[in-house]
Amino acid sequence: AHAYAYGYDISQVAFHESMLDIIDATIGIERIVVIHLNDTLRPLASFVDEHANFGYGRIGIDALQAFVNNKRIAHIPLIMELPLLDDTEYRRIFGMVSNW
């Protein structure tokens, strides 16, 4: 969501390779030790990080799943940051992402 807030449209799966190329050229993918994963309620390039539950944000489940499963970064651990939800919903989201 941070990349999305700064104008990188990762909701478009076709942009993922370009995004990873930018990351690799600037800091190097090999230097990424964790991916902070969340969806957002705010529009592209809003410069605001407002977390959304997976499936209710602007990036979308399909794009998030495709991004983290990209062969260039699939080995990197994820940290999910979600809005306040009940325990059942936390378990559902964790189970869904674990199965990606």
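These lines cover the structure that appears in this document, whether it is placed above or below. None of the values given here were measured: they were computed from a predicted structure. (Residues numbered from 1 in each chain as written. Predicted model: local features only at pLDDT ≥ 70, side-chain atom pairs only at ≥ 80, totals over all residues. Heavy atoms only, no water.)

What follows covers helix α4 (residues 87-98). Its 12 residues give α4 an end-to-end C-alpha distance of 16 Å, which sits within 8% of 16 Å, the value for a rise of 1.5 Å per residue. Buried within α4 are the following residues: E89, I93, M96 and V97. Projected down its long axis, α4 carries its buried residues within an arc of 95°, all on one side. What points out from α4, more than 90 degrees from its buried face, is the exposed set D87, T88, R91 and F94. Looking at the packing, one finds that the buried side of α4 touches β1 (35-37), α3 (61-68) and β4 (78-80). Here α4 starts with a cap whose side-chain oxygen sits 3.1 Å from the backbone nitrogen of T88, and that cap is D86. (Helix = DSSP H or I, 4+ residues; strand = E, 2+ residues; numbered from the N terminus. Expected span 1.5 Å × (residues − 1). Buried < 20%, exposed > 50% of the residue type's maximum accessible area, 1.4 Å probe, protein only. Arc of directions from axis to C-beta. Contact = heavy atoms within 4.5 Å. Polar contact = N/O pair within 3.5 Å; in protein donor to acceptor, adjacent residues only side chain to side chain.)

Turning next to the pattern of salt bridges. Following the criterion strictly, the structure yields five salt bridges and no others. Of the charged contacts in the structure, one is a salt bridge between E17 and R72, with a shortest N-O distance of 2.7 Å. Of this pair, E17 sits in helix α2 (residues 16-26) while R72 sits in the loop between α3 and β4, and the two are 55 residues apart along the sequence. Where D24 meets R72, a salt bridge forms, and the shortest distance between an N and an O atom there is 4.0 Å. Of this pair, D24 sits in helix α2 while R72 sits in the loop between α3 and β4; the two residues are 48 residues apart in sequence, bridging distant segments of the chain. Members of the salt-bridge network, linked through shared partners, are E17, D21, D24 and R72. (Salt bridge = Lys/Arg side-chain N within 4 Å of Asp/Glu carboxyl O.)

It is worth spelling out the side chain of N38 at this point. When you line up the elements, N38 lands in the loop between β1 and β2 (39-40). Among the polar contacts made by the side chain of N38, one reaches the side chain of H36 at a distance of 3.5 Å. Not counting residues within four places of it along the chain, the set of residues in contact with N38 comprises A1, D49, H51, F54, I59, L64 and E81.

Keep in mind these numbers describe shape, not what the thing actually does.
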